[in-house]
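Listed below, chain by chain, are the residues.
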Amino acid sequence: MIFVTKILVVILLHFVISTGASTSSINTKRPLKNHSSVSVLYPPVQLHKYDDHVVVDNGIFSITIASPEGIVTRINYNGIDNILNDRNENSDRGYWDVNWSDPSDLKDGHLDKLTGKHLDVIVNNENQVELSFKRPWTFAQEKNQVSLNIDKRFVVLRGLSGFYSYGIFERLRGWPDVDIYQGRIVFKLQEKLFRYMAVSDERQRLMPTFEDREKGKPLDFPEAVLLTHPSNSRLQGEVDDKYQYSTENKDNRVHGWICSDPPVGFWMITPSNEFRNGGPVKQDLTSHAGPVALSMFFSTHYAGPDLGMKFRDGEPWKKVFGPVFIYLNSVTTEESPLSLWDDAKEEMLVQTNSWPYHFPNSSDYPRAYQRGLVTGQLVVRDVGLAFANSAFVGLAPPGALGSWQEESKGYQFWTQTDEKGYFEIKNVRPGYYHLYAWVPGYIGEYMYQSIIYVLKGSKIRMGLLVHKPPRNGPTVWEIGVPDRTAAEFYVPPPNPTLMNQLYASQRTDSFRQYGLWDRYTDLYPDKDLVYTVGVNNYQTDWFFAHVNRHVGNKTYVSTTWTVLFDLEDVITGNYTIQLALASATNAEVQIRINGVGDASLVFTTKLIGKDNAIARHGIHGLYWLYSITVVHSHLRAGKNALYLKQTRGSYPFSGVMYDYIRLERPSRY
């Protein structure tokens, strides 16, 4: 069993105190949740300061942090002297970093590990140690460091098997222009110990080593490698790519690694998404071969550079990222190491239910009583009136409709409605917000037009909100399900020589296989997809991504898909095509009706998208919606053809994923 009884813990601690044994060697497994008993069951937290590092020990584990740099160099737990990869340099074991560039230099790009300049001990008592590693920015560092004041915090509490980390990033008014694209925490573990990775109940497996990847065959981009000489023969011939383990923010709450001997787990737990960018379905990295565990705070993955933070004209800014919890657990050698995953999930729930935390000692982190609550009910008025069941409702910085999916500077707070459309957004930081929502099964999204000002401790009742999805007339036909993904469409089996066996039998995650863009050519080597409304089934006959055709010698050409449909008659007036895209990468979709010449062109998206979801094994990127007017003279009674041409050829990853397409006729009344 995972849990240690109180009696056993007391006996262990009595043994340690009476014999003077090292508390770091105690296998206390998962600490008890009754924190009122912590002072009785566990020894006090101790801080030891040395010339170039500090050690914090709470009797369950100890952590060594380079000082004043604020880089984690050692984690001692359950008999493992260092969980981190001590073959790496000290600066390459456990660290924060950001990617940034000077917008005046197009070739400019920097990775900054945010090395601290001095250490402040914020709290040091028997129940808590909180350390602050600060780096103030000066104009003398303009070309060498990102123009941010950095405050990296590490917190160790009594009786908890793990530590917290959070950061406060700040820009003062008048500082130079800068673009910041990614911010994260990175931990690199002992590869001889940690070989098994878990991202979800379905997505966990034995992973290749860094050396396995180095010996492998690079594929179409550096992240993807065919394993040709792996140390474990069971991985022979598989593809490894870190993007195959990406997860949406709403599901990215716990992931990590398991060591089988001794049975120990290392987990990254994110109790809140308020500080992440791009909203609840924005995808990002988790853990990957190395072994590496990441806490991604913001990035441009699955969105493109528009999601980066661009600071201009001396714009001031401040944001708190985290805290996140780095959790350590263990079981006895008689128990299954895989049970550590179940325990990590339970710990994630404990941490999530504890949010917002009470212990961070920063005025920039509001406590529960300083936050607000927003409630309401959302209904949908489309062809009738319906409850907005399972709708996503959120507060994000004020902007245009849909702006939240490209928002990184501010905080976002999201929830889902119940079956009757009621929602409750808890623990909202004080500030100004727009309320946004979208409902699975309907195109478009809702935005409450007035700005909502959340005060400390406020409770705002929004009442009944009515979402009117875009619609100009009755439906003639439709393809797909409006859910902002291409998951309902046909995802082909991968090339059998380029498989990740984890997804070989998983229907819901089959899109994560490598090389699916070239499977379109295998299915349609000479002629493009033709879909007949009323005859074909989009689940089996509509390819999940509109990509280019490979014609050999790494040459790709554009493709044109055809939708055939019948009309009993044509009504005078304007028809509408509702075109919803789930992803776009360097693409242009042109729509023609009943002809392939310029006279038949009714719409073009022009060049759009840089989310790269096709190459990165996503089933969606950013959402695009177009309501396209079609004059009735383009149509005819009887047979009609709608042509969808993705014009940007020459690149394997250019293309779109359709979310949903609908033809509407004019209303007769």
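Residues numbered from 1 in each chain as written. Predicted model: local features only at pLDDT ≥ 70, side-chain atom pairs only at ≥ 80, totals over all residues. Heavy atoms only, no water.

- If you check an unreviewed UniProt entry, the protein appears there as rhamnogalacturonan endolyase from Helianthus annuus.
- In UniProt, the protein has this text filed under Catalytic activity (unreviewed entry): "Endotype eliminative cleavage of L-alpha-rhamnopyranosyl-(1->4)-alpha-D-galactopyranosyluronic acid bonds of rhamnogalacturonan I domains in ramified hairy regions of pectin leaving L-rhamnopyranose at the reducing end and 4-deoxy-4,5-unsaturated D-galactopyranosyluronic acid at the non-reducing end."
- UniProt, in its Sequence similarities (unreviewed entry) section for the protein, records the words "Belongs to the polysaccharide lyase 4 family." (UniProt positions renumbered as here; feature names shortened; annotations may be inferred.)

1. Observations concerning the packing of aromatic side chains
Then step 1. Throughout the structure, instances matching the rule amount to 49 aromatic pairs.
Then step 2. Both rings, one in Tyr245 and one in Tyr503, keep their centres 6.4 Å apart while their planes meet at 40°; by these two values the pair is tilted. Taken together, the residues Tyr245 in the loop between β16 (239-240) and β17 (247-248) and Tyr503 in the loop between β34 (475-480) and α5 (516-523) connect sequence positions 258 residues apart. An identical accessibility class is assigned to Tyr245 and Tyr503; each is buried.
Then step 3. Ring geometry for Trp517 and Phe653: centres 4.8 Å apart, planes at 85°, overall edge-to-face. Residue Trp517 is found in helix α5, and its partner Phe653 is found in the loop between β45 (638-646) and β46 (655-664); the two are separated by 136 residues along the sequence.
Then step 4. On the basis of relative accessibility, which here comes to 2%, the residue Trp517 falls in the buried class. (Phe/Tyr/Trp six-rings, centres within 6.5 Å; stacked < 30°, edge-to-face > 60°. Helix = DSSP H or I, 4+ residues; strand = E, 2+ residues; numbered from the N terminus. Buried < 20%, exposed > 50% of the residue type's maximum accessible area, 1.4 Å probe, protein only.)

2. Describing the domain arrangement of the protein
Then step 1. By the assigned domains, the protein splits into domain 1 (46-198 + 255-354), domain 2 (368-467) and domain 3 (475-664).
Then step 2. Domain 1 and domain 3 are separated by 40 Å when their C-alpha centres are compared.
Then step 3. Of the residues lining the interface, seven residues belong to domain 1; the matching set on domain 3 comes to nine residues.
Then step 4. For the pair domain 1 and domain 3, the summed buried surface comes to about 690 Å²; carbon and sulfur atoms form 55% of the total. (Domains from an automatic or database assignment. Contact = heavy atoms within 4.5 Å. Buried area = accessible area lost by both parts, 1.4 Å probe.)

3. Here we look at the sheet that holds strand β14 (residues 217-218)
Then step 1. The strand order across the open sheet formed by three strands is β14-β15-β16, and the pairing between neighbours is antiparallel. Since the sheet does not close on itself, it has two edges, and those belong to β14 and β16, each with one partner. (Pairing = 2+ DSSP bridges.)

4. A few points about the UniProt feature "domain: Rhamnogalacturonan lyase" (unreviewed entry) in the protein
Then step 1. Under the UniProt annotation, "domain: Rhamnogalacturonan lyase" (unreviewed entry) lies at residues 389-460 and 475-663.
Then step 2. In the segment residues 389-460, helix accounts for 0% and strand for 43%; the C-alpha atoms at its two ends are 21 Å apart.

5. A few points about a nonpolar patch on the surface
Then step 1. Nonpolar side chains collect at one region of the surface, where Tyr432, Ile451, Tyr453 and Leu455 lie side by side and expose about 430 Å² of accessible area between them.
Then step 2. Along the chain, the position of Tyr453 falls in strand β32 (residues 452-454).
Then step 3. Judged by its relative accessible area of 43%, Tyr453 is partly exposed. (Patch = residues over 30% accessible without salt bridge, like charges linked within 9 Å, V, L, I, M, F, W, Y side chains within 5 Å. Areas by Shrake-Rupley, 256 points an atom, 1.4 Å probe, with all protein chains shown as cover. Salt bridge = Lys/Arg side-chain N within 4 Å of Asp/Glu carboxyl O.)

6. Some remarks on unusual backbone geometry
Then step 1. The omega torsion across Gly290 and Pro291 is -5°, close enough to zero to call that bond cis.
Then step 2. Positionally, Pro291 belongs in the loop between β21 (287-288) and β22 (292-298).
Then step 3. With omega at -5°, the peptide bond leading from Trp355 into Pro356 counts as cis.
Then step 4. Looking at the element boundaries, Pro356 is found in the loop between α4 (339-353) and β25 (372-381).
Then step 5. Of note, Asn427 is a non-glycine position whose phi angle comes to about 55°, a positive value.
Then step 6. Relative to the helices and strands, Asn427 resides in strand β29 (residues 422-428).

7. A short note on the sheet that holds strand β39 (residues 559-567)
Pairing between the strands of a sheet is mediated by backbone hydrogen bonds and can be parallel or antiparallel.
Then step 1. Across the sheet, five strands lie side by side as β35-β39-β45-β41-β42; this open sheet has mixed pairing. The strands lining the two open edges of the sheet, one partner per strand, are β35 (530-532) and β42 (601-604). Recorded for the sheet is a direction-independent mean angle of 20° between the axes of neighbouring strands.
Then step 2. Across five bridges, the pairing between strand β41 (residues 589-593) and β45 is antiparallel. Bridging from a neighbouring strand, Arg592 pairs with Tyr643 of β45. (Axes fitted to C-alpha atoms, helices over the stretch in contact; angles between N-to-C directions.)

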